[in-house]
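If you want the building blocks of each chain, they are given just below.
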Amino acid sequence: MNAAAPNPGRAAARVAVVGLCAGWLAGCGPRATPPATPPGAERIVSLAPNLTEIVCAVGAADLLVGRSSACDYPPDIVARVPVAGDFGRPATERLLALRPTLVLAADLEDKSLPEGLRRAGIRFDVVNCRTLDDIPRAIREVGRLCGRGAEAEALAVRIERGIAERRAAADATARPVVYAELWHDPILTVGAGSFISEMIGLAGGRNLGDTVAREYFEASPEWVLAAAPDIILGLGMDGAADFEARLRARPGFAALRAVRERRIVTGIPPDLLLRPGPRVLEATDELKRRLAAAVERAAP
Amino acid sequence: MNRRIRGWFFAVLALAGLALCLAIGPGGFGWPDWGSPVGIARRERVAAGFVVGAGLATAGVLMQALLRNPLADPYVLGVSSGAALGAAAAIVLGAAGFAALPGSAFAGGALTLLLVYTVAAPRGRAPSLYAILLSGVIVSSVFGALLMMLISLAPAAGLRGITWWMLGSLQVPSAGLLRAAAVLVAAGWAAAFAFAPEWNALTLGADTAHNVGVRARAAVAGGLALATLTASAAVALAGLIGFVGLVVPHGARALVGADHRRLLPAAALGGGLLLTACDTLARSVHPSAEIPVGIVTALLGGPFFLYLLRRRKGWSA
């Protein structure tokens, strides 16, 4: 990508190209009446994997001109979208060179970035997803920003209904205690108020970390051992294929009943499980299936 | 009180302190069942604290004697920055297996001393102490820059690992690793103890040491190697834990005197006890979460060092 030098000729050409593309889209799009793209959303850069998924799920993938290096889904779309930096840590020049009109982010390392972008006339929006109920809200917000309100509404309603159904169906009694490990060194687990804790609840378990009112926290190993969880869930953020071996090597863990009886759940793709995005219902159902299978193993 | 009696008194006190640490945990006070998960975890944790603390204190004693500098600690010659660089490289490159990080940290620490010593030595002659110190400081800062570069390149998830590692933690990743570190520290300490008369002579200066029949150059090189061995083993197991290796040798010297035949046992015991006690605090103040032990050692070790400084009004190495 060339450094963007101010060049009136090139700017004119750019407008022409954008115009042509818009014309092409209007003429040859799959829909009879394609939704109008609101001004300011012609070139979207998403700096968070879940937002990239939402942009694609509401049918605005063709407006996406940049993503973070962590955005890996949907694979066929992200493969053709250039990278504007890391998750929450964009490379400013690379980002500007993509000439975005709208930048979407979840968390940012550099808190001064939005101000700089806004001064450059680029719209910047932070869309947070901390809880499950934030997900439909985020979908509507992203849909509104990129002019795909109707698609977003349909998707948001589907997810809201799905969450409500699963909440109503979740058995309040006899739920196995799940210790969910996010990272191994230091051991990091999820507390109450994270969407992962809610998902464990919908999947029929009870999150051990719910006694702590934080999204994520460094857990004391002795506390995990003393609590003797029924199931150990490796969330896979560290991409460890050897989660079980690592767990067994740690002092005391091999003597846990859940480890002895191999009630260890790993291997759910982290892009599915750890992403508060449009696939949250699929992730919850997969987790439920895997937790139930682990409980089966415990039964004599 | 006689220094010998004080030494034995301290030894008994230290063992009682370790027993106390075994009885304290996030769940409260009391001996756990030693076969239970909690019991296994706690005894290995206390063992790790003792091994790391003893290793750092032994390295500190050796560094202070060899460099004849009261401010010397196990990290003064760049063991810490070399080990941190090795650990960070393992994290950034995504090295697999739970021995990869400690292994590369150990190698990084050991290779750094080799580099520092080689740079300081002019064409095969013995390097001066000043040259070693200067070379250590410069190599450290260059490695520090490389470390910062790796951190800025690290994936967001890996950053947490590096930061935590640099604060130090006694969450032992595997019992095998603990045993390996224990063997290295014990071997390094035993060798250091065997040469205690050499260190005594060297604290008087290389010329005096030479006159009493110590081969100063070999003794300095060997001593630095032993200090690096014990420090690297400790760092590989627990990351960068500060202050133990600086404070404990001074405290032990105040207690049993500067004779290395008494100083080395006292420092190893004291270092093991201090770090275990700090870690007991770090893992027990909150029922479910931990604070990095390096923060506790710095908070307690710093004021203790200042207390020693005021009490002694000057230094006798």
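Here the structure is a predicted model, which means the values were calculated and not measured.

### Section: the sheet that holds strand 1 (residues 44-46) of chain A
All names here are of chain A.
(1) Moving on: Taken together, four strands build an open sheet; the order of strands is 2-1-5-6 and the sheet is parallel. Among the strands making up the open sheet, the edge pair consists of strand 2 (64-67) and strand 6 (123-126). Between one strand axis and the next, the sheet turns by 20° as a mean value, whatever way the strands run.
(2) Moving on: Relative to strand 2, strand 1 is paired through three bridges, and the arrangement is parallel. Following the sheet pairing, I44 is matched in strand 2 by L64.
(3) Moving on: Sheet strands touched by helix 2 (residues 49-57): strand 1, strand 2 and strand 5 (102-105). Its angle to strand 2, the strand with the most contacts, is close to 165°.

### Points about the side chain of S135 of chain B
Residue and element names in this part refer to chain B.
(1) Moving on: Residue placement: S135 occurs in helix 5 (residues 129-153).
(2) Moving on: When its relative accessible area of 8% is taken as the criterion, S135 is described as buried.
(3) Moving on: Apart from residues no more than four positions distant in its own chain, S135 is found in contact with V116, V119 and A120.

### Quick word on the confidence of the model for chain B
(1) Moving on: Residues of chain B with pLDDT of at least 70 account for 95%, and the chain-wide mean is 87.
(2) Moving on: Interface scoring of the predicted complex returns ipTM 0.82; its pTM is 0.83.

### A closer look at the interface of chain A and chain B
(1) Moving on: At the interface, 28 residues of chain A touch 31 residues of chain B.
(2) Moving on: Across the interface of chain A and chain B, roughly 2400 Å² is buried in total on both sides, 61% from carbon and sulfur atoms.
(3) Moving on: Contact with chain B buries area across many residues of chain A, yet E218, E222 and P251 of chain A alone supply 26% of it, more than any other trio.
(4) Moving on: Counting across the chain A and chain B interface gives two salt bridges.
(5) Moving on: Scanning the region where chain A abuts chain B turns up six residue pairs in polar contact (both at pLDDT 80 or more).
(6) Moving on: At five residues, helix 9 (residues 221-227) of chain A tops the list of elements feeding residues into the side of chain A that touches chain B.
(7) Moving on: Residue composition of the side of chain A that touches chain B, grouped by class: 17 nonpolar, three polar and eight charged.

### A look at the nonpolar core
(1) Moving on: Counting residues in hydrophobic clusters, the biggest one holds 79 residues, and the most contacted among them are V52, L77, W165 and W199 of chain B.
(2) Moving on: Among the elements that line this core, the one with the most residues is helix 10 (residues 216-238) of chain B, at 13 residues.
(3) Moving on: With sequence-adjacent residues up to four places away left out, W165 of chain B is seen in contact with A83, A84, A87, L101, A105, V235, A238, G239 and L240 of chain B.
(4) Moving on: Counting 57 residues, the second largest nonpolar core, distinct from the first, contains L102, I135, I196 and A294 of chain A.

### A few points about the pairing of strand 5 of chain A
All names here are of chain A.
(1) Moving on: Here strand 5 shows no split at all, with L102 and L104 on one side and V103 and A105 on the other all buried.
(2) Moving on: Of the pairings in the sheet, the one linking strand 1 to strand 5 comprises three bridges and is parallel in character. Residue I44 lies in a different strand from strand 5, and its bridge partner there is L102.
(3) Moving on: When strand 5 meets strand 6, the two strands line up parallel, connected through four bridges. What sits directly across from A105, in strand 6, is V126.

Scoring rules and cut-offs
- Starting afresh in each chain, residues are numbered from 1 along the sequence in its written order.
- To label them, take the chains in the order written and letter them from A, then take the ligands in the order written and number them from 1.
- Only residues with pLDDT of 70 or above have their local features reported here, since the model is predicted, and side-chain atom pairs are shown and tallied only from 80 upward, although totals for entire chains, interfaces and linings are computed over all residues.
- Computation of side-chain values: all heavy atoms of the structure, hydrogens and water removed.
- Following DSSP output, two strands are said to pair if at least two bridges run between them.
- Helix and strand definitions follow DSSP, with helices as H or I runs of at least four residues and strands as E runs of at least two, each counted in order from the N terminus.
- Comment: axis = line fitted to C-alpha atoms, over the contacting stretch for helices; angle = value between 0 and 180 degrees taken between N-to-C directions.
- We call two residues in contact whenever any of their non-hydrogen atoms come within 4.5 Å of each other.
- Burial classification: accessible surface area is computed with a 1.4 Å probe over protein chains only, and a residue below 20% of its type maximum counts as buried, one above 50% as exposed, and the rest as partly exposed.
- The quantity known as pLDDT measures the predictor's confidence residue by residue, on a range of 0 to 100.
- The buried area of a pairing is the accessible area, by a 1.4 Å probe, that goes missing from both parts when the two are put together, added over both.
- Here, a salt bridge means any side-chain nitrogen of Lys or Arg that lies within 4 Å of a carboxyl oxygen of Asp or Glu.
- We call two N or O atoms a polar contact when they sit within 3.5 Å, provided that within protein one can donate a hydrogen and the other can accept it, with sequence-adjacent residues counted only if both atoms are side-chain atoms.
- Throughout, the ten residues Ala, Val, Leu, Ile, Met, Phe, Trp, Tyr, Cys and Pro are labelled nonpolar, Asp, Glu, Lys and Arg are labelled charged, and all others, Gly among them, are labelled polar.
- To define a nonpolar core, start from buried Ala, Val, Leu, Ile, Met, Phe, Trp, Tyr and Cys residues and group those joined through side-chain atoms within 4.5 Å.

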